[in-house]
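# A closer look at the structure
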Amino acid sequence: MRYYIIAGEASGDLHGSNLMKGLYDKDPKADIRFWGGPLMGAVSEANQPGAGAMVKDYSQTAIMGFKDVILKARVISANLKLCRQDILSWQPDVVILIDYPGFNLKIAEFAHNHGLKVFWYIAPKVWASREGRIRKIKKYVDKLFIVFPFEKEYFTRKQIPFAYCGNPLIDAIDSNAVQEAPVQGLYIALLAGSRKGEVKTMMPVFKAFADRLAATPGYEEYKFIVAGAPSRTADDYKPWTGPDSRLQVIFGQTHNLVRHAKAAVVNSGTASLETALIGTPQVVVYATSPINAAIAKKIIKIEYVSLGNLIAGRKVFKELLQWYFTPENVTNEVIRLTSDQEYIDTMKAGYSEIRTLLGGKGASAAVAAEMISTLSEE
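Let me sum up the structure you'll find in this document. (Residues numbered from 1 in each chain as written. Predicted model: local features only at pLDDT ≥ 70, side-chain atom pairs only at ≥ 80, totals over all residues. Heavy atoms only, no water.)

## Notes on the sheet that holds strand S6 (residues 143-146)
Whether parallel or antiparallel, the strands of a sheet pair through hydrogen bonds between backbone atoms. Taken in spatial order, the seven strands of this open sheet run S3-S2-S1-S4-S5-S6-S7, and their pairing is parallel. Strand pairing shows two members of the sheet lacking a second neighbour, strand S3 (54-57) and strand S7 (162-164), which therefore form its edges. Taking each pair of neighbouring strands and ignoring which way they run, the sheet shows an average axis angle of 15 degrees. Sheet strands in contact with helix H17 (residues 363-376) are strand S1 (2-7), strand S4 (94-98), strand S5 (117-121), S6 and S7, and its direction is about 165 degrees off that of S5. (Pairing = 2+ DSSP bridges. Helix = DSSP H or I, 4+ residues; strand = E, 2+ residues; numbered from the N terminus. Axes fitted to C-alpha atoms, helices over the stretch in contact; angles between N-to-C directions. Contact = heavy atoms within 4.5 Å.)

Structure follows, in structure tokens:
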């Protein structure tokens, strides 16, 4: 069968690559064309060498926040046009959308209206905001493949067909071989996010935090390592990593960096759940422009922004959001994460609870099998 997959950011590239492995494994005749990144590209090259199956790299398509949508309207429009034309030309058996709702909702409508089967893997977080999207999902998507246990009740209530096969992050984390620490000595891992706008927002605070913590008695020897996002280059971090900075950027070792860190300061998103599954004490941080923050405040209706806290249904780790994301607040929390053993043990017990709630291993392969089975039933 012919599978057309669309992922628009780093987490989608990760999950898309593991889904592709499952599709190639369970469908010997699988032919896959995709929008994604280097991880998906590597799987494609291993199974369809020289096919040139990647249409667009997600580093060229990622959009951050409401303001970015307005500023990049022309680029988004051009990408949508390219995607629609490519789908029609290639005529897949199914279009598989991975998260990335702003773009993928439009593609879902287009594909459905042209008689193509539409699956959505890692469903839009309509339970958090923009619930109005439910109507379009119900109309244009044939089946959702959800990854959080609390979503089962929600989509059942909304009468939308879905399958839950566990969460693929467990496989992604557990399949990584444990390696030696990428740097010697004690350090704090800093995850600024994968989008350029996030880096610009996070890094100034990270730099000020590093200076503050390093000036605290007992922390003089600590290093501060930024996990470089695969879609970014060293130049993206350069304004905050010069000779006067304590920050060091390392690419290609995010999980390894987090695993060996004394604590992690993590931009809200998939990375915070990954950190919980790895087991490193963390604080989640996030800030955006005042305009984006004002809009988000009106439409977001959940108590927590971190997936781990949402899965547990309680605050397992602290979230410092918007105006609470300051060097002083981050410093105070990191000191606690590195010195208060009772606090650390309680957090790690919460991590174990999150892992249990997500289910066992093999989610990516199970999703691939379920997709193939669903298509075969048609």
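Still more ground to cover, so stick around.
## Examining unusual backbone geometry
What is expected of a backbone is that most residues other than glycine have negative phi and most peptide bonds are trans. Within the chain, Gln91 stands out as a residue other than glycine whose phi angle is a positive 55 degrees. Position of Gln91 relative to the elements: it lies in the loop between helix H4 (73-90) and S4. In this structure, Asp99 takes a positive phi of about 50 degrees despite not being glycine. Its place among the elements puts Asp99 in the loop between S4 and helix H5 (101-113). Take Asp99: its relative accessible area is 12%, and that puts it in the buried class. (Buried < 20%, exposed > 50% of the residue type's maximum accessible area, 1.4 Å probe, protein only.)

## Things to note about the sheet that holds strand S12 (residues 282-286)
Judged by pairing direction, the sheet is parallel, and its six strands sit side by side in the order S10-S9-S8-S11-S12-S13 without closing on themselves. Either end of the sheet is taken by a strand with one partner, and the two such strands are strand S10 (247-251) and strand S13 (319-321). Across the sheet, the axes of successive neighbouring strands diverge by a mean angle of 25 degrees, strand direction being ignored. Across three bridges, S12 lies against S13 in parallel orientation. Along S13, the bridge assignment pairs Val285 with Leu320.

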